[in-house]
Amino acid sequence: MHERFSRVWICKDFGRATTGADPAELGRTVLAAYLAGRSTQGETFRVVVRTDDDSQHVITPGQLADPGWKADPAICQTLPAYLRNALA
């Protein structure tokens, strides 16, 4: 998918990560990394985390509003480098 505002191509396929981290926390970290430094231009973003036991977590930007939230470094290590670097 081409994101017209940042002029980049984004993979819409499923990403996979193996971690013992809380799935909702992983989703918050992925979304925060993706949104870091990007203007949403009124668009709506979300992350859907599906676990091997078929549970599902949907994370939205509104869930990142807590000023005390910070990405867990252990979770960041499971992210692709481009997302991990966005949180640095």
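Refer to the structure presented above.
What counts as what
Residues numbered from 1 in each chain as written. Predicted model: local features only at pLDDT ≥ 70, side-chain atom pairs only at ≥ 80, totals over all residues. Heavy atoms only, no water. Helix = DSSP H or I, 4+ residues; strand = E, 2+ residues; numbered from the N terminus. Buried < 20%, exposed > 50% of the residue type's maximum accessible area, 1.4 Å probe, protein only. Core = buried A, V, L, I, M, F, W, Y, C linked by side-chain atoms within 4.5 Å. Contact = heavy atoms within 4.5 Å. Salt bridge = Lys/Arg side-chain N within 4 Å of Asp/Glu carboxyl O. Polar contact = N/O pair within 3.5 Å; in protein donor to acceptor, adjacent residues only side chain to side chain.

1. Some words on the environment of asparagine 85
Here asparagine 85 is to be found in helix H3 (residues 81-87). The exposure class of asparagine 85 is exposed, given its relative accessible area of 53%.

2. Focus on the nonpolar core
Core analysis: the biggest nonpolar cluster contains 15 residues, and Leu31 and Leu35 have the highest contact counts within it. Among the elements of the structure, helix H1 (23-35) and strand S3 (47-50) are those that each provide at least two residues to this core. With seven residues, the single largest contributor to this core is H1. Among residues more than four places away in sequence, those in contact with leucine 35 are Thr40, Phe45, Pro61 and Leu64.

3. Structural notes on unusual backbone geometry
For aspartate 54, which is not a glycine, the phi torsion comes out positive at approximately 70°. Its location among the elements puts aspartate 54 in the loop between S3 and strand S4 (56-59). A residue is classified by how much of its surface remains accessible, and aspartate 54, at 72% relative accessible area, is exposed.

4. Quick look at the pattern of salt bridges
A full pass over the atoms with the stated rule returns one salt bridge. In this structure, arginine 28 engages glutamate 25 in a salt bridge whose closest nitrogen and oxygen atoms are separated by 2.9 Å. Within this pair, arginine 28 and its partner glutamate 25 are both found in helix H1, separated by three residues, close to a single helical turn. By relative accessible area, glutamate 25 is classed as buried at 16%.

5. Focus on the side chain of arginine 28
Overall, arginine 28 belongs to the buried group, its relative accessible area being 19%. In contact with arginine 28, not counting residues within four places along its chain, are Asp22, Ile59, Gln63, Leu64 and Trp69.

6. With respect to the side chain of threonine 29
Here threonine 29 lies in helix H1. Within the local environment of threonine 29, its side chain forms a polar contact with the backbone oxygen of glutamate 25, the two atoms lying 2.9 Å apart. In contact with threonine 29, not counting residues within four places along its chain, are Trp69, Ala71, Ile75, Cys76, Leu79 and Leu87.

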